[in-house]
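Chain by chain, the residues run as shown.
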Amino acid sequence: MINAKIVRAADGKIIGFTVENHGESTVCAAVSMLVLNTVNSIYKFTKDKFTCDYNEKEGGFITFSLTNPDAQTDGIRLLLDAMHLGLTSAKAEYPNEIELKEEIHD
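Fair warning: this is a prediction, and the values are worked out from it, not measured in the lab.

A.B. asks: Can you help me understand the packing of helix α1 (residues 26-45) against helix α2 (residues 74-93) in this one?
C.D. replies: To describe two helices that pack against each other, one gives the angle between their axes and the distance between the axes. Following both chains from N to C, one finds α1 and α2 inclined at 180 degrees, their axes separated by 10 Å at the closest point. Compared by their axis directions, α1 and α2 come out roughly antiparallel. Across the interface between the two elements, Val-31, Leu-34, Val-35, Thr-38, Ser-41 and Ile-42 from α1 touch Ile-76, Leu-79, Leu-80, Met-83, Gly-86 and Leu-87 from α2. Grouping the constituent residues of the contact of α1 with α2 by class yields 9 nonpolar, 3 polar and no charged.

Next up, the structure:
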């Protein structure tokens, strides 16, 4: 099962995420592509600074967090919200393959 966690600031803006346990299924491939495309798009199309760590082995994981969440651009908010929409849609379609949690960071 894919485990995804969205981290939000107290104001509701997404400031980070973690996705773990990518497997071999089509759903796993779709989630991986969605998440990687989000990170690549943030890097290419925004000036927002972030940290990102990933490992494709041992089930795979990726963790992402904004370096300065208070200085978010509209572009990064749109990209992160679009990724969240994609994860939410995938969970609705494949509820037994995706666990999606949210956490508020104070």
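A.B. asks: Looking at this structure, I do not really get the pattern of salt bridges. What am I missing?
C.D. replies: Side chains that carry opposite charge are capable of pairing whenever their charged atoms lie near each other. One pass over the full model with this rule turns up 4 salt bridges. Lys-5 is the salt-bridge partner of Glu-103, the closest N and O atoms lying 3.5 Å from each other. Of this pair, Glu-103 sits in strand β5 (residues 98-105) while Lys-5 sits in strand β1 (residues 2-9); the two residues are 98 residues apart in sequence, bridging distant segments of the chain. Here Arg-8 ties to Glu-102 by a salt bridge, and the two come within 2.5 Å at their closest N and O atoms. Taken as a pair, Arg-8 in strand β1 and Glu-102 in strand β5 lie far apart in primary sequence, 94 residues in all. By relative accessible area, Arg-8 is classed as buried at 15%. Relative accessible area serves as the criterion here: at 44%, Glu-102 is assigned to the partly exposed category.

A.B. asks: Which parts of the structure should I look at to understand the packing of aromatic side chains?
C.D. replies: Aromatic rings in a pair are described by how distant their centres are and how their planes are angled relative to each other. Within this structure, the stated rule accounts for 2 aromatic pairs. Geometrically, the ring pair formed by Phe-17 and Phe-64 is stacked, given 5.0 Å between the ring centres and 10 degrees between the ring planes. Of this pair, Phe-17 sits in strand β2 (residues 14-20) while Phe-64 sits in strand β4 (residues 61-66), placing them 47 residues apart in sequence. Judged by relative accessible area, which is 1%, Phe-17 ranks as buried.

A.B. asks: Would you explain the environment of Gly-60 in this entry?
C.D. replies: For Gly-60, the location among the structural elements is in the loop between β3 (50-55) and β4. Look at Gly-60 and you get buried, because its relative accessible area is 8%. Gly-60 sits 40 residues away from Glu-20 along the chain, and the two C-alpha atoms are 5.8 Å apart.

A.B. asks: How should I be thinking about α1 in this particular structure?
C.D. replies: Helical periodicity: at 3.6 residues per turn, an α-helix aligns residues three or four positions apart in one direction. Between its terminal C-alpha atoms α1 stretches 28 Å, which fits the 28 Å expected from 20 residues at 1.5 Å a residue. Within the span of α1, buried status applies to Val-27, Cys-28, Val-31, Ser-32, Val-35, Thr-38, Val-39, Ser-41 and Ile-42. Looking at the buried positions of α1, the neighbouring elements they touch are β1, β2, β3, β4, α2 and β5.

Reading the values: rules and limits
Residues numbered from 1 in each chain as written. Predicted model: local features only at pLDDT ≥ 70, side-chain atom pairs only at ≥ 80, totals over all residues. Heavy atoms only, no water. Axes fitted to C-alpha atoms, helices over the stretch in contact; angles between N-to-C directions. Helix = DSSP H or I, 4+ residues; strand = E, 2+ residues; numbered from the N terminus. Parallel < 35°, antiparallel > 145°, perpendicular 65-115°, else oblique. Contact = heavy atoms within 4.5 Å. Nonpolar A, V, L, I, M, F, W, Y, C, P; charged D, E, K, R; others polar. Salt bridge = Lys/Arg side-chain N within 4 Å of Asp/Glu carboxyl O. Buried < 20%, exposed > 50% of the residue type's maximum accessible area, 1.4 Å probe, protein only. Phe/Tyr/Trp six-rings, centres within 6.5 Å; stacked < 30°, edge-to-face > 60°. Expected span 1.5 Å × (residues − 1).

Treat this as a map of the structure, not an account of what it does.
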